[in-house]
Structure formats: structure tokens, C-alpha cells
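Reading the structure
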Amino acid sequence: MKIVGLIASLSLTFFSIGQKSYYFSSSLPSGEASLVTVDKKWHGKYALGAGNLVLEVSETGIAMISTTISSISREEIRESSAYDVRNGYIFGVLLNDSLPCVLEDDRYFFGIRNKDQIVGGSSRNVLSASGRAANEYVLNTYENGYYIPSILIFENKSVTSKQLDYDLETSVFDFVASQKNVQGAQLDLVVLSPTNEEFKSLLNTVFLIVDVYKRTK
């Protein structure tokens, strides 16, 4: 079961009826200082796949830039004074700006870029050094009072993101001594408080889903 992706963690709630989910009581590793960003040598932009998701790493933090595809019918543009299309650009969607567009089946398609701050600014997510390697960090995504960790590994021209992956009836967390069950009408939640040694063991067993962002600049 894939628990959280880097961008999905910003907007989705993962409590599901009848499904046991594992969260963490605090950011990990415990005792590590919270960071605003990573080492300066890793600053830049990294794209996933065709580039609809871009990870922007800078001195102010880490942000995710995503592109949402939308469309407006040719009839709507013709009948509304709010929109205009000229030379392959649509006007009126953004204030005082235009967007490239493509006409297909009587609809103009265009992409709207959104920027979400993952680390830094007003974000409640916590970035920490993993303690294992200088290029490895733990991104602790804040969710309803708890945290979901993922791993960011920076290399010369890429960033690898590793997220939690476990079966619904997993026993992989059983060795963590401090656990608390939180149950309700719509959730079955286990909150883990691992020691740093226990967390190191988890790093090698449950962070299995991998996305690789390639550096663009």
C-alpha cells in the first residue's frame, strides 16, 4: 500500500474506514534540528517524468510546482467578453497575464501552474537530516497532529523520493516498542513513537516507493 507521495501529502487525508494506518507522533529522527532547506549545492529545480511536477529547492525552502490542465469551449470564449484567444495564447484566465493554449475538439486546453510550499514559509512539515548520509534528509509531513515521514536523497542531477509502503495487515512495525491505538467511527490509527535506532531499522524496510526527479537547472 502506497501511503503518501510527495505532492499528495499536501492535500489528502489518509484516514479510511476500516483501514489501519500508521502515523508517527513526532518528526524524525528525534532530536535532530529542524531545517529550512538542504545544503546549498543541492539547490535547483528537479522535474518528475514529463515535467508536470517540479521540485524547487532554494534558500527559502522546498516547494512543489504542479500543472493542472483545464479547458474552455470555443463557444464560451466567443460569447464571453472575459476571455480572448490570440496567437496561441488565452487571455482572461489569469489576472494581467496569458497562457499558451491548444485547440482540440472545439475546446481550448491550457495548463495552470500551482506552487505549494513543502518546507519553509508557513508549512508545518519538518525537514531533518537523516543522520545516515550528508545527502539524505527526512521530510516529515504534518497531518492532523501527526507526521508521515518520507526520504529525500540528493545526488548530482537528481532527487530520489522514497515513501512508506506496507500491506494492510503488515507486521513490519511490530518491533517498535512505543505504539498507541486511536480508534473511532471512521479510522483505525496506530501512532508510533520509535527510538532513533528503531527508525533506522524502518529506513531499510518500509520506505520502498521511489520517485526520481531529474535536475533541470
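Per chain, residues are indexed from 1 in the order of the written sequence. Local features in this predicted model are restricted to residues whose pLDDT is 70 or higher, and side-chain atom pairs enter the listing and the counts only when it is 80 or higher, whereas totals over whole chains, interfaces and linings include all residues. Here the side-chain values reflect all heavy atoms present in the structure, with hydrogen atoms and water set aside.

Topic: the environment of tyrosine 147
Here is the rule we go by: Per the convention used, a helix needs a DSSP run of H or I reaching at least four residues, while a strand needs a run of E reaching at least two, with both numbered from the N terminus. For every residue, the accessible area (1.4 Å probe, protein chains only) is compared with the maximum for its type, and the residue is labelled buried under 20%, exposed over 50%, or partly exposed between those bounds. We call two residues in contact whenever any of their non-hydrogen atoms come within 4.5 Å of each other.
Turning to its location among the elements, tyrosine 147 is positioned in strand E11 (residues 146–155). Residue classification places tyrosine 147 among the buried residues on the basis of a relative accessible area of 15%. Taking the C-alpha atoms as reference points, tyrosine 147 and serine 26, 121 residues apart in sequence, are found 6.1 Å from one another. Excluding residues that lie within four positions of it along the chain, tyrosine 147 makes contacts with Tyr23, Phe24, Ser25, Ser26, Ser27, Arg124, Val126, Asn140, Thr141 and Tyr142.

A short note on the nonpolar core
Here is the rule: Nine residue types can take part in a nonpolar core, namely buried Ala, Val, Leu, Ile, Met, Phe, Trp, Tyr and Cys, and a core is a set of them joined through side-chain atoms within 4.5 Å.
Ranked by internal contacts, the top residues of the largest apolar core, which has 22 residues, are Phe24, Phe173, Leu192 and Phe207. Put simply, the parts of the chain that give this core at least two residues each are strand E1 (20–24), E11, strand E14 (187–192) and helix H2 (196–203).

Focus on the confidence of the model for the protein
Test applied: The quantity called pLDDT is the predictor's confidence in a given residue, expressed from 0 to 100.
For the protein, mean pLDDT is 88; residues scoring 70 or higher make up 89% of the total. Below pLDDT 50 for its whole length, residues 7–18 participates in 29 contacts with residues either more than four positions away or in separate chains.

Here's the deal with unusual backbone geometry
One can expect most non-glycine residues to show negative phi and most peptide bonds to be in trans. At the junction of leucine 28 and proline 29, the peptide bond is cis and its omega measures out at -10 degrees in the coordinates. Note that proline 29 resides in the loop between E1 and strand E2 (44–48). In this structure, asparagine 96 takes a positive phi of about 60 degrees despite not being glycine. Locating asparagine 96 in the fold gives a position in the loop between strand E6 (89–91) and strand E7 (98–104).

Quick notes on the pairing of strand E10 (residues 136–143)
Just so we agree on the cut-off: We treat two strands as partners when DSSP finds at least two bridges between them.
The element E10 is extensively covered by neighbouring structure, given that seven of its eight residues are classed as buried. Bridging between strand E9 (residues 126–129) and E10 involves four bridges; their strand directions are antiparallel. Note on E10: the bridge partner recorded for serine 128 is valine 138. The sheet contact formed by E10 and E11 spans eight bridges and is antiparallel. Residue glutamate 136 lies in a different strand from E11, and its bridge partner there is isoleucine 153.

Some remarks on the pairing of strand E4 (residues 61–73)
Here is the key point about a regular strand: its side chains alternate between the two faces of the sheet. Pairing geometry for strand E3 (residues 53–58) and E4, over six bridges, is antiparallel. Among the inter-strand pairings, valine 54 is bridged to a residue of E4, identified as isoleucine 65. Examined bridge by bridge, E4 and strand E8 (residues 107–119) share twelve bridges and lie antiparallel to one another. Residue pairing across strands places serine 66 opposite asparagine 114, the latter belonging to E8.

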